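The primary structure of each chain is shown beneath.
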Amino acid sequence: MELGTRVLFLHGINAPDTPGWLEDVNAALARIARSPIEAHEFFAPWYGDLLAKVDDSPDAQESLRARQHAGHARLLFAERQSNLVSRVRGARLGSRPSVLDLAIDAAAIKLAPPLGQVKAFLGSKRHPQIIERVLESIESPVGDWIVVAHSLGTAVALELLGQLPAGMNVKLLLTLGSPLGRQPFKSFVSTAFSSADLARVQGWLNVYNTADAVSHGSGISSAVPEAVNVGVAAPALDHSVQSCLTQDAILEELGTALYGVRGRELQRWERGASREEWDGLDLLTALTVQYCYRIESSLHASTDQAKDDRRRRVKSIRLAVIDAAIESARTNGREPLFDDFDKDLSPWLSGRVPHTGVPAFLIVLHRLQPLSPFSIDYAAQARSVREQVARDFGLAEAYAEIARECVESAESVFKAGRSPLQLIPIVAIAGVAVIAAPWLVALAAPAGLAGGAAVMGGLAALGPGGVAGGLMVVGGVGVAGGGAAAALGRGLAGQTPEETKQGAVDLMARALVSRALEIDGDRPHAEWDVLVAAHAQAHEDFAKFSELNDKSKVGKEVTAQAELKVKDLAKSLKWMLEQELAPNLVMIDASA
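Not measured: the values here are computed from a predicted model. (Residues numbered from 1 in each chain as written. Predicted model: local features only at pLDDT ≥ 70, side-chain atom pairs only at ≥ 80, totals over all residues. Heavy atoms only, no water.)

A. Quick peek at the overall build of the chain. Assigned secondary structure in the chain consists of 20 helices and nine strands. Counting only residues that meet the buried cut, the chain has 53% of its 592 residues in that class. At a minimum sequence separation of 6, the contacts of the chain that also span at least 24 residues come to 82%. When the accessible surface of the chain is totalled, it reaches about 25100 Å², and 53% of it is carbon and sulfur. (Helix = DSSP H or I, 4+ residues; strand = E, 2+ residues; numbered from the N terminus. Buried < 20%, exposed > 50% of the residue type's maximum accessible area, 1.4 Å probe, protein only. Contact = heavy atoms within 4.5 Å. Areas by Shrake-Rupley, 256 points an atom, 1.4 Å probe, with all protein chains shown as cover.)

This is the structure in structure tokens:
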């Protein structure tokens, strides 16, 4: 075992005070020919008396969570998790449960012991005492640790991550049979995870028996999108530690954390990207090609003739996009990002999306339609493809689902009496990106994904000449940087009400994603600032049209469209206020 690497085992409710957990773990390691953990390196504090009681006395200490992790630390953690999921067979950064699943889950907690004991734990004020006892059992916290937690002990482990002593690093958090994904834990997990010191957690692997009632037979993605989940087949209702340690891939990961990689080295392909520094257009190019690759892969294994035909067509489109990307780059004196795009690009994608650019990237990923205008139906694969592409870029799969939910929440503002928004076709090639929606230039401009302020600065390309027939060409066009709000206003008159509404939705959704992932951009409330300026410009345009247009049918229609933009932008601002996404002490004209 590497110097300083020790194991901390955290038990759940009803655990014996003289358990055999070390024997269980060592028996599992023996199956894969790994050395056993020495007794002096294994710490298993007992705190069963504190888990089982509810103490409502006023003298009980409240749990201390003074430290909050930074959004950047969370994204780096998500990148490590995406690498972990690629190493463990059967693992996934799973999707979120349905509303029906959550309702059934909440009812089961009330009816099924020992799940009823969860209420006692969540209502207890003894949590600080539990953490104190855990830390007191450790001779010295400084060094590398593997934390193995079972059942309700996984909640103790999560709280521990927010109160790690100085110098204590967690190489692997291995949670077994965790109930953290269940609905009653939602508030607890949200608070505890937001305080976790993720910079000192190298990986989190959650294992559960798919027939276990305590874990609901599912992972914990609903609570922690970044957690890597592995479901194992075990006897029904088996909630034991042993039931979760049956898969060799899980044990290999534990062994690697303990002793290092055994007979396995990372292989890098010989020909990688042509440059280390990527701009926003490089990122959009790689995203488009990789998205096509994942669609093709999702159709690859099918024996269905129609699906196989779609796969061949997708490949032809992907190769055509690749050829266009390379040719365009060379024509414009720009070195192609890759000499050979015809492969899985994932080895070079992880970590390419800057921290502050993640919300914008996720909105683009949600909107992306790389096969448009070709009539190829891949709707059944779209969700899994988006999740896989997010993982390719080092992001949690569930982030793609979070982005979808944020977009749908923003779209709900305009649902009554209006046609639903459609996904926007985007085709990217090196040097030029053609976007069938002017607002998305904010997300796809060359500097658009390089930083929070630059994302909004990309709106400057909406100036005169930037819009032609609803299409925008981005690439050789420079980004003017500041003054994004004014530039947005200049372009409003050239947009249809639907395009204006689409832009508002994307900005609203981007603000929601930023909050959900705790990402603070370089410019706080940038989306609000742009919407305020757009609303002011739309008011000015409407006033001019009302004064200068004649009473003809065309004149009335133009004026009506200008008024519709004002109303839609006012709805957006009101919604931002209701969602607490606006700066403090702001006012808008509710009558607009």
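B. Examining the packing of aromatic side chains more closely. Under the criterion given, the structure shown has four aromatic pairs. Centroid distance Phe9 to Phe42: 6.3 Å. Interplanar angle 35°. Geometry classified as tilted. Here Phe9, found in strand β1 (residues 6-10), pairs with Phe42, found in strand β2 (residues 42-43); they are 33 residues apart in sequence, far enough to count as distant. Phe9 sits in the buried class, given a relative accessible area of 0%. By relative accessible area, Phe42 is classed as buried at 11%. Arranged with centres 4.9 Å apart and planes meeting at 55°, the rings of Phe361 and Phe393 form a pair that is tilted. Here Phe393 lies in the loop between α13 (379-392) and α14 (397-411) and Phe361 lies in helix α12 (residues 358-367), a separation of 32 residues in the sequence. Residue Phe361 is classed as buried on the basis of its relative accessible area, which comes to 1%. A relative accessible area of 1% means that Phe393 is categorised as buried. Across from the ring centre of Trp278, 4.1 Å away, lies the NZ or CZ of Arg352, which sits over that ring. (Phe/Tyr/Trp six-rings, centres within 6.5 Å; stacked < 30°, edge-to-face > 60°. Lys NZ or Arg CZ within 6 Å of the ring centre and 35° of its normal.)

C. Geometry of unusual backbone geometry. With phi around 60°, Ala33 is a residue other than glycine that occupies positive phi space. For Ala33, the location among the structural elements is in the loop between α1 (21-31) and β2. Residue Ala33 is classed as exposed on the basis of its relative accessible area, which comes to 64%. If you check the backbone angles, Glu580 has positive phi at about 60° while not being a glycine. If you trace the backbone, Glu580 turns up in the segment after α20 (553-578). Taking relative accessible area as the criterion, Glu580 reaches 68% and is therefore assigned exposed.

D. Here's a closer look at the sheet that holds β1. Here six strands make up an open sheet; going across it, the order is β2-β1-β3-β4-β5-β6 and the pairing parallel. Across the chains shown, the open sheet's two edge strands, defined by having one partner strand only, are β2 and β6 (228-232). Judged from the two bridges that link them, β1 and β2 form a sheet pairing that is parallel. Looking across to β2, one finds that Leu8 is bridged to Phe43. Strand contacts of helix α7 (residues 153-161): β1, β3 (143-150), β4 (168-176) and β5 (204-209), with the helix running at about 150° to β3, the strand carrying the most contacts. Its contacts with the sheet put helix α9 (residues 248-259) on β1, β3, β4, β5 and β6, and the angle it makes with β4 is roughly 165°. (Pairing = 2+ DSSP bridges. Axes fitted to C-alpha atoms, helices over the stretch in contact; angles between N-to-C directions.)

E. Looking closely at the pairing of β6. Among the five residues of β6, four are classified as buried, and the element is accordingly described as predominantly covered. Here five bridges tie β5 to β6, and the two strands are oriented parallel to one another. Within β6, the residue paired with Val207 across the bridge is Val230.

F. Looking closely at the nonpolar core. Core analysis: the biggest nonpolar cluster contains 71 residues, and Leu287, Leu362 and Tyr399 have the highest contact counts within it. The residues touching Tyr399, leaving out its near neighbours within four places in the chain, are Arg74, Leu75, Ala78, Pro225, Glu226, Leu362 and Leu517. One finds Ile13, Ala157, Met168 and Ile220 within the second-largest nonpolar core, a separate group that totals 40 residues. (Core = buried A, V, L, I, M, F, W, Y, C linked by side-chain atoms within 4.5 Å.)

G. Structural view of the environment of Phe77. Locating Phe77 in the fold gives a position in helix α3 (residues 71-87). Note on Phe77: relative accessible area 0%, which makes it buried. A sequence separation of 318 residues divides Phe77 from Leu395, and the C-alpha atoms of the two residues are 9.0 Å apart. Not counting the four nearest positions on each side in its chain, Phe77 is found in contact with Leu198, Val201, Trp204 and Glu226.

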